[in-house]
Amino acid sequence: SPCALLIVEGFKHAAIPKLEVYRAVTGEPLLHPNDPHIVAIASDSKVETRLPLLSLDDDAGIAGFIVRHLKLA
């Protein structure tokens, strides 16, 4: 049946809207500079970006961003 929203983990290389989850402690590079499908970043640290930056600890803020971005409300 149809659904309004499906959230998946992984699929880094898929051409779908993505929220990058970034933790500096991992030492991994950011993906958003090379992926035009990333629409925002959720992080536990400051990230230099022009994309919306969400606090990783703010689940309500992240959920609100997703709803607004997808125009579900």
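Residues numbered from 1 in each chain as written. Predicted model: local features only at pLDDT ≥ 70, side-chain atom pairs only at ≥ 80, totals over all residues. Heavy atoms only, no water.

## Some remarks on helix H1 (residues 59-69)
Helical geometry: 3.6 residues make up each α-helical turn, so side chains three or four residues apart lie on a common side. Short version of the rule: To sort residues, take the accessible area from a 1.4 Å probe on protein chains only and compare it with the maximum for the residue type: under 20% means buried, over 50% means exposed, and anything in between is partly exposed. In DSSP terms, a helix is any run of H or I states spanning at least four residues, a strand is any run of E spanning at least two, and both are numbered starting from the N terminus. Directions pointing from the helix axis toward each C-beta atom define the arc. By definition in these notes, contact holds between two residues if any of their heavy atoms fall within 4.5 Å.
Those residues of H1 lying buried are Ile-62, Gly-64 and Phe-65. The arc enclosing the buried residues of H1, seen along the axis, measures out at 160°, which places them on a common side. Exposed side chains of H1 directed beyond 90 degrees from the buried face belong to Asp-59 and Ala-60. At its buried positions, H1 is contacted by strand S1 (18-22), strand S2 (38-43) and strand S3 (53-55). A positive phi of about 55° marks Lys-71, the residue just after H1.

## A word on the sheet that holds S1
Under the convention used in this document: Whether two strands pair comes down to DSSP finding at least two bridges between them. To get an axis, a line is fitted to the C-alpha atoms, and for a helix only the part in contact is used. The angle between two axes follows their N-to-C directions and goes from 0 to 180 degrees.
Ordered in space as S1-S2-S3, the three strands form an open sheet in which the pairing is parallel. Here the strands that pair on one side only, and so sit at the sheet edges, are S1 and S3. Each neighbouring strand pair of the sheet contributes to a mean axis angle of 30°, computed without reference to strand direction. In this sheet, S2 lies alongside S1 in parallel orientation, the contact comprising five bridges. Its bridge partner lying in S2, Val-21 is registered against Ala-42. Packed onto the sheet, H1 meets S1, S2 and S3 and runs at close to 175° relative to S2.

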